[in-house]
Amino acid sequence: MRRVAVVVFPGSNCDADTLDAARAGGSDAYYVWHRETDLRQPDAVILPGGFSYGDYLRSGAIARFSPVMQAVSAHARAGGVVLGICNGFQILCEAGLLPGALMRNARLKFLSRPVRVRVEAVDTLFTRAYERGEELLVPIAHGDGRYVADAETAALLEAGGQVVWRYVGDNPNGSTNDIAGVCNAGRNVVGIMPHPERRNARVLGGDDGARVFLSLEARNATQHAGDMRAVDGRHLRV
């Protein structure tokens, strides 16, 4: 069973859904509060969606300086796997763990609806259970979801196969090259704007997002660390 740390920032609002989705996928998932500096030896770290610090300054800009991010960065740089969903994606870009940035949606409106994405890369821990070219229907909920990168960075992402999900049929926010998610060059850090935890069961309208979390328990998944006990689902005090 893989240990999954779900990091909670002030303003996170998808942490409970993400924790439940990881547990439903078979992982031993637990919360880590943003003030903590010890991730307690996870195999994977997930930064969930929400509005960390109220999205003041810009989305993810303050959360990037939370004490926990030093541990997240160290985990990633040591080869540990990290997933950022929506606001988590924004935080990873602000922290320099992923290239590019997330800006205001092209029409300056908050968007909350299902979108269609195509799986472009299946060699990351979070996409390995999908088929390349497979199309998924997954919800978005963001005001700052327009992925931007300069021409050189975008070309490198495309050439290196670092685009993991791409909008198809409709680019809801004006993202560069219809990009809905990317990974780093080492392929251990992934950021996606759509919310797989909101579509991981038929009761939620479909299970297209479930394999993001089931991938963590794939037979050939690489275990990063340890056998520490799970922490219960309660948020820790400030």
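Residues numbered from 1 in each chain as written. Predicted model: local features only at pLDDT ≥ 70, side-chain atom pairs only at ≥ 80, totals over all residues. Heavy atoms only, no water.

Enquirer: Help me understand the overall build of the chain, please; the structure alone is not making it clear to me.
Expert: When helices and strands are counted, the chain shows five helices and eleven strands. Here the chain has a C-alpha radius of gyration of 16 Å; the compact-globule value for 238 residues is 18 Å, and the two agree. Expressed along its principal axes, the backbone C-alpha trace of the chain runs to roughly 45 × 40 × 35 Å. Split into buried and exposed, the 238 residues of the chain put 56% on the buried side. Sequence separation of 24 or more characterises 74% of the internal contacts of the chain that already satisfy a separation of 6 or more. Put simply, the chain has 27 plus and 26 minus side-chain charges, and the middle of one group is 2 Å from the middle of the other. (Helix = DSSP H or I, 4+ residues; strand = E, 2+ residues; numbered from the N terminus. Rg over C-alpha atoms; globule rule 2.2 N^0.38 Å. Buried < 20%, exposed > 50% of the residue type's maximum accessible area, 1.4 Å probe, protein only. Contact = heavy atoms within 4.5 Å. Lys, Arg positive; Asp, Glu negative; His and termini not counted. Charge placed at Lys NZ, Arg CZ, Asp CG, Glu CD.)

Enquirer: Is there a simple way to explain the side chain of His142 in this structure?
Expert: In this fold, His142 is placed in strand β7 (residues 135-142). A polar atom in the side chain of His142 sits 3.0 Å from the side chain of Asn173. Look past the residues within four positions of His142 in its chain and what remains in contact with it is Cys86, Asn105, Lys109, Phe110, Leu111, Tyr167, Asn173 and Met193. (Polar contact = N/O pair within 3.5 Å; in protein donor to acceptor, adjacent residues only side chain to side chain.)

Enquirer: Before we go on, may I ask you to explain unusual backbone geometry in this structure?
Expert: Negative phi values dominate among residues other than glycine, just as trans dominates among peptide bonds. Even without being a glycine, Asp55 presents a positive backbone phi close to 60°. For Asp55, the position within the fold is in the loop between β3 (44-47) and α2 (68-77). In this model, Leu108 sits at a positive phi of 60°, which is unusual for a non-glycine residue. In this structure, Leu108 sits in the loop between β5 (101-103) and β6 (111-119).

In short, geometric facts, not functional conclusions.
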